[in-house]
Amino acid sequence: MATKKLALNSDQEALLLLGERDVNLRRLEKDFGVEIFVRHDTEGEGMHLSLRGPTGRVDKALRKLREMLGRVRSGGTPEVQPAVKTPAGFDEFSAPPVPKDAVLLSSFGKAIRPRTAKQQEYVDAILAGDMTFGIGPAGTGKTYLAVACALRALRAREVSRIVLTRPVVEAGEKLGFLPGDLYEKVHPYLKPLYDAFYHMLGPDKFRMWREDDVVEIVPLAYMRGRTLEEAFIILDEAQNTTPEQMKMFLTRMGEGSKAVITGDVTQIDLPNKAYSGLVTAKDILHGVEGIQFVQFGEADVVRHALVKKILRAYDKWEKK
């Protein structure tokens, strides 16, 4: 998160810049996904605008405001054009048309489609509803299909961005021993989320969209206090959330948003495995209108054939 300021000379200048009833300010906040506040300087008669939000968005909003302020100071009118929600390069991504039985067509021309009946049920639930839980073993396509549905929603302009998050929980290794700052420490934990985007978009376009905040990937702890509007939000590895974290995440949804929560209750890395936010959410939210739960099984594993055999062997061992 970043905070930057833009100095103004007078109340009249602020009125011309922000419009009647701050109509220009509100549109800029919505278009760029930042918060803008008008502040009077503690000394003198001047004032300034304070912009707060993700660094990339703040920088873009600040450039736009400076351009508008320049027009005001030269006697012009600072008209604000609505932002185009479609990210750069999306027209290229969206053609040719997607086959009827597919969720998405990747940048490489591959059709992304469900491969089992349960995967089809999962995709249908995501496309039809606002909140879907996908629970099941590794390799069942929970995250992969959720990402495909997110890109489909972005293409259809149903949302303006994608937000992916997951809890940073150690699985047998200590995070503190990893070198670097906080970003470098959490990067390995978020890396699995990149894989689906690399496969569907390619690394260059994915990096471009990340820089433009069309796709945002953050640790779960950084979600507190946010309200996400017109966003497709995916919580991965949800079995490693606490009940408090799960409640915090589920209440981040704003107007026009969708949420998909994925996890595997057999791979809980919390010290107290019974204290999983995914397990409690299933009990608490079961039967709540508008929330769907899809349970995957061994038959839905679509990774290497050995994965099914490995899962079956571990199930037998655990039962013993």
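## Remarks on the overall build of the protein
Point 1. Along its length, the protein carries 11 helices and 11 strands.
Point 2. For the protein, contacts bridging at least 24 residues in sequence account for 71% of all contacts bridging at least 6.
Point 3. Accessible surface, the protein as shown: approximately 17300 Å² in total, 52% of it carbon and sulfur.

## Overview of a nonpolar patch on the surface
Point 1. A cluster of nonpolar residues, Leu306, Ile310, Tyr314 and Trp317, forms a patch on the protein surface that exposes about 500 Å² of accessible area.
Point 2. With respect to the element layout, Trp317 can be found in helix H11 (residues 305-319).

## So, the sheet that holds strand S8 (residues 215-219)
Point 1. Spatial strand order, S8-S7-S9-S10-S6-S11: six strands in an open sheet with parallel pairing. The sheet is open, and its two edges are formed by S8 and strand S11 (291-295), each paired on a single side. This sheet shows a mean twist of 15° between the axes of neighbouring strands, independent of strand direction.
Point 2. Relative to S11, strand S6 (residues 131-135) runs parallel, the two being bridged by five bridges. Along S11, the bridge assignment pairs Met131 with Ile291.
Point 3. Those strands touched by helix H6 (residues 142-155) are S6, strand S7 (161-166), strand S9 (231-235) and strand S10 (258-263), and its axis lies near 175° from that of S9.

## Looking at the sheet that holds strand S3 (residues 47-53)
Point 1. Spatial strand order, S1-S3-S2: three strands in an open sheet with antiparallel pairing. Each edge of the sheet is formed by a strand with only one pairing partner; in this case those strands are strand S1 (2-8) and strand S2 (35-40). On average, each strand axis in the sheet is inclined to that of its neighbour by 25°, with strand direction left out of account.
Point 2. Taken strand by strand, helix H1 (residues 11-18) contacts S1, S2 and S3, and its axis lies near 40° from that of S3.

## Focus: the packing of helix H9 (residues 243-250) against helix H10 (residues 277-285)
Each packed pair of helices is defined by two parameters, the angle between the axes and the distance between the axes.
Point 1. It is at 8 Å that the axes of H9 and H10 come closest, and there the two elements cross at 60°. Judged by the twist between their axes, the crossing of H9 over H10 is right-handed. For the pair H9 and H10, contact is made by Pro243, Met246 and Leu250 and by Gly277, Leu278, Thr280, Ala281 and Leu285, respectively.
Point 2. In terms of residue class, the contact of H9 with H10 is made up of six nonpolar, two polar and no charged.

## A look at the confidence of the model for the protein
Low-confidence regions, as indicated by low pLDDT, have predicted coordinates that should not be scrutinised in detail.
Point 1. Summary statistics for the protein give a mean pLDDT of 82 and a share of 85% for residues scoring 70 or more.
Point 2. Taken as a whole, residues 91-95 scores under 50 in pLDDT and shows 11 contacts with residues more than four places along the chain or in a different chain.

## Some details on the side chain of Arg252
Point 1. Here Arg252 lies in the loop between H9 and S10.
Point 2. No salt bridge is formed by the buried Arg252, whose closest oppositely charged neighbour, Glu35, lies at an N-O distance of 11 Å.
Point 3. Here the side chain of Arg252 touches Arg226 through a polar contact of 2.9 Å, landing on its backbone oxygen.
Point 4. Beyond its immediate stretch of four places on either side in the chain, Arg252 contacts Met223, Arg224, Gly225, Arg226, Thr227 and Leu228.

## Quick notes on the pairing of S6
Point 1. Across the five residues that make up S6, a large majority, five, are buried.
Point 2. Strand direction decides the pairing type here: S6 and S10, joined by five bridges, are parallel. Looking at S10, one finds that Met131 is bridged to Ala259.

## Examining the side chain of Lys64
Point 1. Mapping Lys64 onto the fold places it in helix H3 (residues 55-73).
Point 2. One buried charged side chain, Lys64, makes no salt bridge at all; its nearest oppositely charged neighbour is Glu67, positioned 4.0 Å away.

## Observations regarding H10
Point 1. Regarding H10, the residues found buried are Gly277, Leu278, Ala281 and Leu285. Seen along its axis, H10 keeps its buried residues to an arc of 90°; they face one direction.
Point 2. Residues of H10 that are buried make contact with S6, H9, S10 and S11.
Point 3. Capping the start of H10, Ser276 holds a side-chain oxygen 3.3 Å from the backbone nitrogen of Leu278, two or three residues further along.

## Here we look at the environment of Thr280
Point 1. Residue placement: Thr280 occurs in helix H10.
Point 2. Exposure remark for Thr280: the relative accessible area of 22% places this residue in the partly exposed category.
Point 3. Through-space distance from the C-alpha of Thr280 to that of Lys247 is 10.0 Å; in sequence the pair is 33 residues apart.
Point 4. Side-chain polar atoms of Thr280 contact the backbone oxygen of Gly277, separated by 3.1 Å.

## Observations concerning the nonpolar core
Within soluble globular proteins, side chains that are nonpolar generally end up buried alongside one another.
Point 1. With 36 residues, the main nonpolar core has Leu151, Ile162, Leu164, Phe197 and Phe232 as its most contacted residues.
Point 2. Secondary-structure elements contributing two or more residues to this core are helix H5 (117-128), H6, S7, helix H7 (182-201), helix H8 (203-211), S8 and S9.
Point 3. By residue number, the principal contributor to this core is H6, which donates nine residues.
Point 4. Setting aside its immediate chain neighbours within four residues, Leu164 contacts Val147, Leu193, Phe197, Val215, Glu216, Ile217, Val218 and Ile234.

What counts as what
Residues numbered from 1 in each chain as written. Predicted model: local features only at pLDDT ≥ 70, side-chain atom pairs only at ≥ 80, totals over all residues. Heavy atoms only, no water. Helix = DSSP H or I, 4+ residues; strand = E, 2+ residues; numbered from the N terminus. Contact = heavy atoms within 4.5 Å. Areas by Shrake-Rupley, 256 points an atom, 1.4 Å probe, with all protein chains shown as cover. Patch = residues over 30% accessible without salt bridge, like charges linked within 9 Å, V, L, I, M, F, W, Y side chains within 5 Å. Salt bridge = Lys/Arg side-chain N within 4 Å of Asp/Glu carboxyl O. Pairing = 2+ DSSP bridges. Axes fitted to C-alpha atoms, helices over the stretch in contact; angles between N-to-C directions. Left-handed = near helix turned anticlockwise from the far one by under 90°. Nonpolar A, V, L, I, M, F, W, Y, C, P; charged D, E, K, R; others polar. pLDDT = per-residue confidence, 0-100. Buried < 20%, exposed > 50% of the residue type's maximum accessible area, 1.4 Å probe, protein only. Lys, Arg positive; Asp, Glu negative; His and termini not counted. Polar contact = N/O pair within 3.5 Å; in protein donor to acceptor, adjacent residues only side chain to side chain. Arc of directions from axis to C-beta. Core = buried A, V, L, I, M, F, W, Y, C linked by side-chain atoms within 4.5 Å.

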